[in-house]
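Geometric and topological summary
Given next are the chains, with one letter for each unit.
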Amino acid sequence: MLLTNLIKKLTTQHRAFYCYMLLSVWLFLLLIVMYKYMETKDVTLTVLKNSKSDQTTRSFPNSVHVDIKTQRVLRMCNLPQDIRTISEGQVKDSFQLEGLLILLRHGDRGPLTHVRDISTINCAANIHPQFSAYEAYMDNLTGTPQLAQLLGPFHGFPLLPHRSCSLGQLTHVGVSQLLAIGQALRAVYADRLLFNTSTPEDFVVYSTKYRRTLQSALAFLYGFLTPELLHNVVLRESPS
């Protein structure tokens, strides 16, 4: 009898505490269900987006596990075919465009730290339609005086990245990104900056002394300039 009264007393006194505990457990279970639902939804969106495209930024073998976070990062990459101008080059009527300052980061690169089975990852998908022409152009330029003049302090650097993924090195997707950016900006500015009457002295190009930045600069210049102008441009080294 005494024990029964004690239990009733404790139940009455701590009713608010028990309600709080039950509510906490219910909220915890609800969050778990919502997280699982969002995770499933995210995978579905990724699959749907990939199903609408003939190519993907990366293709992985079955031995490489791609988690939800990695899929989200890949979906946010700047695919070469998605690069386009929107408000680029818009100048108010009271102003006149006299020059252009372009600051670019290198294109898509391999990871900076070791990744297991990196050699099995395809880094040559989603290349730009002009990639083959650019590759042939660079091959024909090899060993010529024009190339020696163009490279300047970067003499001896490889002009094109490897097809396989390499640690910290530019990928073919990265080259394609810069080709697309160069062509997009050329379409906006070539006529307005009178490329047909420009001289090599009108273009000053700097690159840091990394293979991926040099190769990115070359790809951009190929898309941005005419071959005649590109043959006479001299790359300069930037400390950072």
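Note that this is a predicted model, so its numbers are computed, not measured.

Secondary structure assignment for the chain yields eight helices and two strands. Starting at the N terminus and walking to the C terminus, you meet the elements of the chain as α-α-α-α-α-α-β-α-α-β. The burial tally for the chain puts 32% of its 240 residues in the buried class. Residue pairs at least 24 apart in sequence account for 85% of intrachain contacts in the chain once pairs closer than 6 positions are excluded. When the accessible surface of the chain is split by element, carbon and sulfur atoms take 59% of a total near 16,300 Å².

The subject of this paragraph is the nonpolar core. Membership of the largest hydrophobic core comes to 34 residues, with the highest contact counts inside it found for Tyr134, Leu218, Leu225 and Leu235. The greatest single-element share of this core, amounting to seven residues, is contributed by helix H7 (residues 211-224). Dropping the residues within four chain positions of it, Tyr134 is found in contact with Leu159, Leu160, Val175, Leu179, Gln215, Leu218, Ala219 and Tyr222.

Attention shifts here to the confidence of the model for the chain. Residues with a pLDDT of 70 or more make up 74% of the chain, whose mean pLDDT is 77. Mean pLDDT values for the elements of the chain range from 57 in helix H1 (residues 2-13) up to 95 in H7. Here residues 38-57 scores under 50 on pLDDT; set against residues more than four positions off or in separate chains, the count is 21 contacts.

Here we come to the packing of aromatic side chains. Taken as a whole and judged by the stated rule, the model has six aromatic pairs. Relative to Phe224, the ring of Phe195 has its centre 5.2 Å away and its plane inclined at 85°; by these criteria the two rings are edge-to-face. Residue Phe195 is found in the loop between helix H6 (172-189) and strand E1 (205-207), and its partner Phe224 is found in helix H7; the two are separated by 29 residues along the sequence. Through successive ring pairs, a cluster of aromatic residues spans Phe195, Phe203, Phe220 and Phe224. For the cation-ring pair, Arg212 lies above Tyr210, with the distance from its terminal atom to the ring centre recorded as 5.2 Å.

Another point: the environment of Gln146. Along the chain, the position of Gln146 falls in helix H5 (residues 145-151). Since its relative accessible area comes to 36%, Gln146 is described here as partly exposed. Remark: the alpha-carbon pair of Gln146 and His231, spanning 85 residues in sequence, is separated by 5.7 Å.

Looking now at the side chain of His128. For His128, the position within the fold is in the loop between helix H3 (68-75) and helix H4 (131-141). Among the polar contacts listed, one links the side chain of His128 to the side chain of Gln183, at a separation of 3.4 Å. Sequence-distant contacts of His128, defined by excluding residues within four places in its chain, comprise Ser176, Leu179, Ala180 and Gln183.

There is a patch of nonpolar side chains on the surface, built from Leu23, Trp26, Leu27, Leu30, Leu31 and Met34 and spanning about 600 Å² of accessible area. Along the chain, Leu31 turns up in helix H2 (residues 15-51). For Leu31, a relative accessible area of 56% gives the class exposed.

Turning our eyes to something else, we now look at the packing of H6 against H7. Between two packed helices, what matters for the description is the angle formed by their axes and the separation of those axes. Two elements in contact, H6 and H7, have axes whose closest approach is 7 Å; the angle formed by their N-to-C orientations is 35°. Here H6 and H7 pass one another in a crossing that is right-handed. Packed against H6, whose contacting residues are Val175, Leu178, Leu179, Ile181, Gly182, Gln183, Leu185 and Arg186, the element H7 presents Ser216, Ala219, Phe220, Tyr222, Gly223 and Phe224 at the interface. Considering only residue class, the contact of H6 with H7 consists of nine nonpolar, four polar and one charged.

Counting through the fold element by element, Leu147 comes out in helix H5. A relative accessible area of 10% means that Leu147 is categorised as buried. Along the sequence, Leu147 and Val234 sit 87 residues apart, while their C-alpha atoms lie 9.4 Å from each other. Residue contacts for Leu147: discarding those within four places in its chain leaves Leu141, Thr142 and Leu159.

Let us now look at the pattern of salt bridges. For side chains of opposite charge, pairing can occur when their charged atoms come near one another. Tallied over the full model, the rule gives one salt bridge. Put simply, Arg163 and Glu135 hold a salt bridge, and the shortest N to O gap is 3.8 Å. With Arg163 in the loop between H5 and H6 and Glu135 in helix H4, this pair connects stretches of sequence that are 28 residues apart. Under the relative-accessibility criterion, Arg163 is labelled exposed at 54%. Take Glu135: its relative accessible area is 21%, and that puts it in the partly exposed class.

Parameters and conventions
- Residues numbered from 1 in each chain as written.
- Predicted model: local features only at pLDDT ≥ 70, side-chain atom pairs only at ≥ 80, totals over all residues.
- Heavy atoms only, no water.
- Helix = DSSP H or I, 4+ residues; strand = E, 2+ residues; numbered from the N terminus.
- Buried < 20%, exposed > 50% of the residue type's maximum accessible area, 1.4 Å probe, protein only.
- Contact = heavy atoms within 4.5 Å.
- Areas by Shrake-Rupley, 256 points an atom, 1.4 Å probe, with all protein chains shown as cover.
- Core = buried A, V, L, I, M, F, W, Y, C linked by side-chain atoms within 4.5 Å.
- pLDDT = per-residue confidence, 0-100.
- Phe/Tyr/Trp six-rings, centres within 6.5 Å; stacked < 30°, edge-to-face > 60°.
- Lys NZ or Arg CZ within 6 Å of the ring centre and 35° of its normal.
- Polar contact = N/O pair within 3.5 Å; in protein donor to acceptor, adjacent residues only side chain to side chain.
- Patch = residues over 30% accessible without salt bridge, like charges linked within 9 Å, V, L, I, M, F, W, Y side chains within 5 Å.
- Salt bridge = Lys/Arg side-chain N within 4 Å of Asp/Glu carboxyl O.
- Axes fitted to C-alpha atoms, helices over the stretch in contact; angles between N-to-C directions.
- Left-handed = near helix turned anticlockwise from the far one by under 90°.
- Nonpolar A, V, L, I, M, F, W, Y, C, P; charged D, E, K, R; others polar.

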